[in-house]
Amino acid sequence: MSKISSIILIAILMGLSLSVISCTPEACFEETNSFLKASFYDNDNKKLKAPDSITVYGLNKETIKIYDKAFKVQPALFPLNASTDNCTFIIRINGITDTITFRYSSYPHLISKECGYTFYHYLDTAKPFSTKNAIDFIYRSNGNITTSNEENIRIFY
């Protein structure tokens, strides 16, 4: 009787160890967040130039800052909300405040089995709307907002 119970116990332990090993998820090493990537340019000479100081937060979200007096940020990453078709940000470049509104459409994208889904976005307008205090103009260089490290807009100030 003890030999049969030993065999059953070994079979149960082997079955449990195989199920634990087979259910172990693989690690996700890929970027899973898609941010709008904005590079800063000097409007006089049209060359890359990071601002001395930048503060960015969403409209009516002053307490949740994306950047708070950050030094020499290049590029700035703007998170977009997939549940709406536009986002407005307050951006303070070297102490001068502007607003930027992005209009976009969102769609789900499978990154991988291990990483799951994320949302990609597409800028619907050729030029995002902004006030013109510090910002002279905004150029859309790539309307596809994905997890890759590609510039989407250029902010000339």
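Scroll up a little and you will see the structure.
Just so we're clear, the structure is a prediction, and the values are computed from it rather than from any experiment. (Residues numbered from 1 in each chain as written. Predicted model: local features only at pLDDT ≥ 70, side-chain atom pairs only at ≥ 80, totals over all residues. Heavy atoms only, no water.)

Draft legend 1. Representation of the sheet that holds strand S1 (residues 35–41). The mixed open sheet is built from four strands, whose spatial order is S4-S1-S11-S9. The sheet terminates laterally at strand S4 (76–79) and strand S9 (137–140), the two strands that pair on one side only. Looking at each pair of strands side by side, their axes are set apart by 30 degrees on average, direction ignored. With four bridges joining them, S9 and strand S11 (residues 153–156) adopt antiparallel strand pairing. Of the residues in S11, the one forming a bridge with Phe137 is Phe156. (Pairing = 2+ DSSP bridges. Helix = DSSP H or I, 4+ residues; strand = E, 2+ residues; numbered from the N terminus. Axes fitted to C-alpha atoms, helices over the stretch in contact; angles between N-to-C directions.)

Draft legend 2. Here's a closer look at the pairing of strand S7 (residues 116–123). As judged from the eight bridges shared by strand S6 (residues 96–112) and S7, these two strands associate in the antiparallel manner. Paired with Ser106 across the bridge in S7 is His121. Linkage of S6 to S7, two consecutive antiparallel strands, is achieved through a turn of three residues. Two strands pair when backbone bridges link them, and S7 and strand S10 (residues 144–145) are joined in this way by two bridges, in the antiparallel orientation. Within S10, the residue paired with His121 across the bridge is Ile145.

Draft legend 3. Broad picture of the pairing of S1. The buried count for S1 comes to six of seven residues, which makes it a mostly enclosed element. Pairing geometry for S1 and S4, over four bridges, is antiparallel. Each bridged residue has a counterpart across the sheet, and for Ala38 the counterpart in S4 is Ala76. In this structure, S1 lies alongside S11, joined through four bridges in parallel fashion. Across the sheet, the residue bridging to Ala38 is Ile153, located in S11. (Buried < 20%, exposed > 50% of the residue type's maximum accessible area, 1.4 Å probe, protein only.)

Draft legend 4. Main features of the state of the cysteines. The tally for this structure, following the rule as stated, stands at one disulfide. One disulfide in the model links Cys28 with Cys115; its S-S distance is 1.8 Å. The chirality of the disulfide connecting Cys28 with Cys115 is right-handed, given an S-S dihedral of about 105 degrees. Placement of the pair is Cys28 in the loop between helix H1 (2–22) and S1 and Cys115 in the loop between S6 and S7, with a sequence separation of 87 residues. Under the relative-accessibility criterion, Cys115 is labelled buried at 16%. (Disulfide = S-S within 2.5 Å.)

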